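# Commentary on secondary and tertiary structure
If you want the building blocks of each chain, they are given just below.
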Amino acid sequence: MAEEMLGDFLRKFFRFMVLFISTIVNLQLGMKYLFNNHVLDVGARNLLSAGRPIHVEPQVFDLIVYLIENRARVVDRDELIARIWKGRTVSDATIASRINAARQAVGDSGRRQAVIATLARQGFRFVAEVRREGETLGRPAVAVLPFALASDTDLDAHLAKGLADQLASTLGQASWFDVRDTSASFAPMLQDLGPAEIADRLDVGYLVSATLHVSPEQLKLDVRLVDPNDGRRVWSGSLAAPRSGLFALQDDLGSRILGEIEPRLRKIELQRSEDRHGNLSAFHHFLRANDILRAMDLAAMRAACVELDKAVSAFPRYAAAHGMRAWIATLLLPQGQRVDIRAELERSRIAVTEGAFDCDALAMGGYALAFFDRHPACGIDYLRRALAINPSSARAHDHLGWLLLYAGQAGEAWQRFDRALSLCPIDDFGFRSLTGRAFASLYQRDFKNAAVDAYRAHAVAPSYSVCHRVLAASLAHLGRGDDARRIARELSTLNPGLTVARYARETRFEGVSDREILFSGLKLAGLK
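Residues numbered from 1 in each chain as written. Predicted model: local features only at pLDDT ≥ 70, side-chain atom pairs only at ≥ 80, totals over all residues. Heavy atoms only, no water.

On average, residues of the protein chain score 80 in pLDDT, and 80% of them are at 70 or above. Scored below 50 in pLDDT, residues 134-138 makes seven contacts in the model with residues more than four places away or belonging to other chains. Predicted confidence is poor over residues 245-274, with pLDDT under 50, and the contacts of this stretch with residues over four places away or in other chains come to 67 contacts. (pLDDT = per-residue confidence, 0-100. Contact = heavy atoms within 4.5 Å.)

Here it is, written out as structure tokens:
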């Protein structure tokens, strides 16, 4: 009973925070898009043409907003279904009907396609020139900081961190602003910095912080949304709930605030916390695994696996835990560790099946499935679905980048790694993305930038042997033989018995020219 009520509290907390913070950021930035002779006001949910209001059905309005906010790229059918129809089954005719209605609202047609274009077998793109009215020209960005704790028990500490982590993940579902990855915003190096310095390091315009008060009878959250430029609280509020009994106070508070802001927001349909995490015991072990894994060394990976096994034991259908467990196995294999590939494939399939609407489960499970099945295209589909659910997931951008590399698509892979690094701008936690971007540069014959990124990754993760491979090859192609040979010797120390022939058998890189560049560079560096 207590766990059920706690799950109810978590669910309501996430719903309330997404709606309220989304509204505050939206209103602060005056989200109006101007194109042709139209003005689209996201906050007021209206569309004007030459100053005259245009009637638009709510779902069509959401569709126009989503296409505008993602106008830099093509939006495919599956992404629209995930974001506009919340994953429900819809027909092609229904999608076509809504696209036609959107075109009519913005003065376009299927014949002209001057505003909303259809790209055959790819999707749709908003192609009219757009400028945004408001205080900033770029997308606003928010970072959720670790929640302070007014007590000192281990379980409460993980609950506080888990609340903050899940809030960041949930906020990421709002497509009109970016949310920094918590691996960056939770970095210990930020703890002693002031708001302005933290915001500068993370390149954000808003910070979310909170204090969790836990007693045997009550949970209470004091939440703050801060403008770091002047330290001003844009908004603050409290959520309180008894640990046992009804949540009348919190329900009343949430209902009152939601009632005030509902007209200004697109509704975000959130997944129930208990559906994702099963029970508090499973959630606790999952959070511990996340914490431990930040070290990213061999001992941390093994310890995280122990916690994830406990999480799955407590909740056998725990999709994110299965996905993370399989993903860790993809890191263990290149380090010469024994891995049961059949078992990891099974974990991966559970993750993408049970976590069909869970970004983390799809990202980790989809990556691991493609890695162990040696079929990047399958995993790429799951990663694109994950990013449709949460466009601000640095993890999903990173995993998609690696699968694109494996498939020989270095250009788009570079863009995905670059996006992941913009969401997680601290090298200590972005070294995998730095390494991936280095590979993408190597395969595009940009050896100089490949070496720069690889050196950055090597500086913070000297035992990450994948980085040594791209760094040695890049330096060799640059003609820096002594440096290349030194890195190759380090690689041989980390992975005794590794040869070019063995690496060629084990690697997932499929591109013929990519493999030639990599292996020829490693041979030049002295790897046997």
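In total, this model carries 16 aromatic pairs according to the counting rule given. Residues Trp402 and Tyr406 carry aromatic rings whose centres are separated by 6.3 Å and whose planes lie at 45° to one another, so their mutual orientation is tilted. A residue pair is termed a helical-turn pair when its members lie 3 or 4 positions apart in one helix, as Trp402 and Tyr406 do in helix α16 (residues 394-406) at four residues. Residue Trp402 shares its accessibility class with Tyr406, and that shared class is buried. Relative to Phe439, the ring of Trp402 lies with its centre 5.9 Å away and its plane at 65°, an arrangement referred to as edge-to-face. (Phe/Tyr/Trp six-rings, centres within 6.5 Å; stacked < 30°, edge-to-face > 60°. Helix = DSSP H or I, 4+ residues; strand = E, 2+ residues; numbered from the N terminus. Buried < 20%, exposed > 50% of the residue type's maximum accessible area, 1.4 Å probe, protein only.)

The next thing to look at is the pairing of strand β11 (residues 206-214). With respect to burial, β11 is a largely interior element, eight of its nine residues being buried. Pairing of strand β8 (residues 141-144) with β11, which is carried by three bridges, proceeds in the parallel orientation. Residue pairing for β11: Val144 is matched across the bridge by Val208. Judged from the two bridges that link them, strand β9 (residues 148-149) and β11 form a sheet pairing that is parallel. Following the sheet pairing, Leu149 is matched in β11 by Leu212. Across eight bridges, β11 lies against strand β12 (residues 218-227) in antiparallel orientation. Counted as the bridge partner of Ser209 is Arg224 from β12. (Pairing = 2+ DSSP bridges.)

Turning next to empty space enclosed by the protein. Summed over all chains, the structure comprises three cavities of 30 Å³ or more. Approximately 310 Å³ is the volume attributed to the second largest cavity. Looking at the lining of the second largest cavity, the elements that each hand over two or more residues are α12 (319-332), α14 (359-373), α16, α20 (465-477) and α22 (500-506). Among the elements that line the lining of the second largest cavity, the one with the most residues is α20, at three residues. Tallied by class, the residues present in the lining of the second largest cavity amount to 12 nonpolar, four polar and four charged. (1 Å grid on protein atoms, 1.4 Å probe; cavity = no way out; pocket = protein on both sides within 12 Å on 5 of 7 lines; lining within 4 Å. Points joined across faces, edges and corners; volume = space filled by probe spheres on them. Nonpolar A, V, L, I, M, F, W, Y, C, P; charged D, E, K, R; others polar.)

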